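# Architecture at a glance
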Amino acid sequence: DLQPGGHVVSEPYDFLFDAAVEAYYKNDWMSVILHMEKALRSSAAVRRAKVSCRIGCANRTAFGDPDPEVGLGGEAVEDLVFFQKVLRRAQCVSSCEADKLGPASRHKISDDVKLEFTKRTPYNYLQVAYFKINKLDKAVAAANTFFLANPDHVEMKQNLDYYKMMAGVREEDFKDLEARPHMAEFLLGKRYYSDDSFGLAAEHFERAVQEYFQADQECRVLCEGSYDYDGYNYMDYNADLFQSMTDHYMQVLSCKQRCSVELASSVGMPKPFEDFLPAHFNYLQFSYYNSEKYEKAIECAKTFLMFHPEDEVMNQNLAYYSAVLGEDKASTLIPRQVVKQHMQQSLLEKELLYYGYEVFGITFVDPDTWTPAEIMPQKLRDKQKVERETAARITEEIGNLMKEIENLVEEKNKDLSDINKIITTPEGGPVLYDNIQISMTSKQLNGSQRVLLDGVISDDECRELHRLSNAAAQEGDGYRARPSPHSPNEIFQGVTVLKAVKMGQEGKVPLKSARLFFDMSEKVRKVLESYFRLETPLYFSYSHLVCRSAVEETQAERTDHSHPVHVDNCVLVSETNECIKVPPAYTHRDYSAILYLNDDFEGGDFIFTMLDGKTVTAEVRPRCGRVVGFGSGQENPHGVRAVTRGQRCAVALWFTLDPVHDEKERIQAQDMLKMFSTPVDQEFAITEAKKLEATPTEAPPPTDPELMTAESMDTPQQPPMDTPQDLPMDTPQDLPMDTPQDPPMDTPQDPPMDTPQDPPMDTPQDPPMDTPQDPPMDTPQGSPMDTPQDPPTEEKEKLALSDAQVEKPADAGKEKTQKETASNETKSKAPKTKTKAEDKVKAKPKNGDKVKSKPKAAKAEAKKQPAKTKDKQATKKASKAPAKKTTKASVKDQSKESIDVSATESENDKDEL
Ligand SMILES: O=C(O)CCC(=O)C(=O)O
Ligand SMILES: [Fe+2]
């Protein structure tokens, strides 16, 4: 890409940038594009040339032997040899750069302009210019590229929303023109990883590692720039040769160290990924393990352990993989050497930097989490220890205060809830709907806070929800390929209300069915609230439409349950007949209800038991429209018998009396439903209308430049550098208003759920999320390594308590999991706050004209709440209690409406049979 004159750049890019901005204010769109694109090319070329010169020079290991003429001895010669190298290296770099770039005036760029390029400002101008000349795909790519780096930019968000519903704009047009390959590969790897596509995940993480080192090398050489006087006037700076070399060199080293953070950051992401490079190997080891590539898994586990040698989970995983592969073979496998070299180099740098700190007081903040403590000088370690202790003391004091406050509040609540209980004990309030019958009460079900209702929903409604669960599962909700974590003999699939509504909105399932899911669960809530005569409202805590399907081949010798006996709001320890109301149990749950959708399967009866988890006290045969409702506490241990044939579907609902735990997802689902609350028969018409709109023949009318002029003229002709990000926006953002195809406000505008700005929201600094320690479902139980853990996300919430009943080996994953849970909780807060803040911004429109487009942005915002929060899980160990004989009530449905309450043998006896 050499220019006439032999250089890669013909004009400095600040000059080109200015020319483009000037053209912008003359509405000379072609010239904007010409200059701005040249500026981007030029900036990239300057960077490339610098990288290549510096790498080239560094690779020339020796610049020849010292000149024998010098004839001095000892240190002086060594110095000279050293400086000879320095000089030659300098000559190499400068002549290489001069060759490629020409004189410095061609590529020395002011900091202001550099900053604009970092902020991706050129794309802001470009998107307007492209829009004006009707190059939509390019306008969209530019808008998206800009927005990714400026996610709070309200106007650009509106523009993007506008583009999203424009005919002729495709999802692929929302490109990131500045994407960095190592990050793109890492994010792809993460995406496949969370879909359990481990083969693809490993491929992308491997590529990410490769790209990482490439990017790291580039980042590092670019640190070898000029000295930043940073604070003091360069005229006053009068350090001597070695001092100034040291100052400069320390600055360069510090910059090189920061590359690990720079590479872990992505535009628009609130924080860099933590422990980024090691995380690659954490993901890789588990991906390889799942692909049964044990050698690679071992290699990656060992690589990870170079960073964190004490990591318990990884040591355990390594032990497990080694046992599977054979210890002899495993011991011959070594960690990745490039990583080892990288670490060695980085550690040497850190040592020098700490030396600089100790001797000259040059500050250095180590960006890595894996640095061994010894690297830091004792003095600094002591100082940090004192600081940490002070911080810990303050935190503890605050914690104590908070606890006291919590206790006070809790006591107050307890009083209230005790009062509540007394008030609510007499169940038997009205069930509010004519069709609903109370089939069994607590008394008939041999317990308290229990009820069995029939006729809660109709056969048609059952069929519709059943269809929804299968359609949603087919569309892939993350559980598709995952066998039930309760039992390898069943496939488990589930969908939440929000997921169903989102899929409805994306057209993947009928929106009507999602609404039915929402409405029917609300119906159950109301009925329970009334039946149990609750004094305070019942709030949703979690809603889940779930199906369990028998795996036909494995039913013969099956002895397990579909869902082991558990209690919904405490951890059941059946050996001691105790239920402990502590996390990870969902202690805030107060009532549970299961709404059944079908009965055309074998097995799958619901059972209530005593606290021993064995003695069955009542049994319910699922059927369409039937609801079993019960208090979520220790009075109601329950489980589900094995589904041995067919598919059993139900809506599982958990409720809380505590408004604080009101299900956030549901509120979001409700907002979305409200948004789409067109009468059902209109829905079709709108879908059709949208289809029409999307046909290419209905291309947008060309924008009339005349219309725009008046508007653009309004913008003050300020020098663009002052407020560059504001100026171009005024115009494009208004465009939608002028164009006739602007759709009416309340039609669904349907931006795809994962709009490009989502990834950062998703799980930014997310450490390897729910699984690296995630061991396999089917490894033999009982060895210390096999620790089956952690089904994914929401499902976990449901499974957690019952898992506690399954015999489990002691589990090193536990500690980590709790840590992760805690950190995930913190993480999940960040995006939420952000969403709120954005909403606030959007709530105040700037001028009358713009008001019209505001609701669009605000609505779109509501649709993309932060993604998943990892749920807690129980890891409590419990073993089976001995068998006992007793009686129970059972509800069977062989004879249609008749309910048969009979005493039968104990659950255990039956199992033995
Ligand atoms: O599906 C059922 O009948 C009960 C499920 C259950 O108890 C639960 O998911 O916690
Ligand atoms: Fe349950």
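Residues numbered from 1 in each chain as written. Chains lettered and ligands numbered in written order. Predicted model: local features only at pLDDT ≥ 70, side-chain atom pairs only at ≥ 80, totals over all residues. Heavy atoms only, no water.

### Some words on unusual backbone geometry
The phi torsion at Asp275 lies on the positive side, around 50°, for a residue other than glycine. Relative to the helices and strands, Asp275 resides in the loop between helix H10 (241-264) and helix H11 (276-290). Among the residues examined, Asp275 registers a relative accessible area of 22% and is labelled partly exposed. Unusually for a residue other than glycine, Leu432 sits at a positive phi of about 70°. Among the structural elements, Leu432 can be located in the loop between helix H16 (378-424) and strand S1 (437-440). (Helix = DSSP H or I, 4+ residues; strand = E, 2+ residues; numbered from the N terminus. Buried < 20%, exposed > 50% of the residue type's maximum accessible area, 1.4 Å probe, protein only.)

### Some thoughts on H10
Counted at 1.5 Å a residue, the expected span for H10 with its 24 residues is 34 Å, and the 35 Å between its end C-alpha atoms agrees. Its maximal kink placed at Arg258, H10 deviates by approximately 35°. Of the positions making up H10, those classed as buried are Thr246, Asp247, Met250, Val252, Leu253, Ser254, Lys256, Gln257, Cys259, Ser260, Leu263 and Ala264. Packed against the buried residues of H10 are helix H8 (181-194), helix H9 (198-222), H11 and helix H15 (337-360). Near the N-terminus of H10, the side chain that reaches the backbone nitrogen of Phe242, with its oxygen 3.2 Å away, is that of Asp240. (Expected span 1.5 Å × (residues − 1). Bend = angle between axes of the 7 residues up to and from the residue. Contact = heavy atoms within 4.5 Å. Polar contact = N/O pair within 3.5 Å; in protein donor to acceptor, adjacent residues only side chain to side chain.)

### Some thoughts on the coordination of the iron ion (ligand 2)
With distances of 2.0 to 2.3 Å, the protein atoms coordinating the iron ion (ligand 2) are His566 (NE2), Asp568 (OD) and His638 (NE2). All donors of the iron ion (ligand 2) belong to a single chain; written as a sequence motif, their spacing is H-x1-D-x69-H. Each member of the pair His566 and Asp568 is classed as buried. (Donors = N, O, S within 2.8 Å, 3.2 Å for Na, K, Ca; no water.)

### Description of the sheet that holds strand S12 (residues 627-631)
Strand-to-strand pairing in sheets goes through backbone hydrogen bonds, with the strands running parallel or antiparallel. The antiparallel open sheet is built from seven strands, whose spatial order is S1-S2-S12-S8-S15-S4-S3. Because the sheet does not close on itself, it has two edges, and the strands there are S1 and strand S3 (490-496). Across the sheet, the axes of successive neighbouring strands diverge by a mean angle of 25°, strand direction being ignored. Here strand S8 (residues 591-596) pairs with S12 via five bridges, running antiparallel. Bridge pairing links Leu595 to Val627 in S12. (Pairing = 2+ DSSP bridges. Axes fitted to C-alpha atoms, helices over the stretch in contact; angles between N-to-C directions.)

### Here we look at the state of the cysteines
Per the counting criterion, the structure on display carries six disulfides. Cys547 shares a disulfide with Cys649; S-S distance 2.0 Å. Judged by the sign of its S-S torsion, about 110°, the bond between Cys547 and Cys649 is right-handed. Of the two residues, Cys547 is situated in strand S4 (residues 539-550) and Cys649 in strand S15 (residues 647-656); the sequence distance between them amounts to 102 residues. The burial state of Cys547 is the same as that of Cys649; both residues are buried. Put simply, Cys570 and Cys579 are joined by a disulfide, and their sulfur atoms are 2.0 Å apart. Classification of the bridge connecting Cys570 and Cys579 rests on its S-S torsion, roughly 100°, and on that basis the disulfide is right-handed. The class of Cys579 is buried, set by a relative accessible area of 15%. (Disulfide = S-S within 2.5 Å.)

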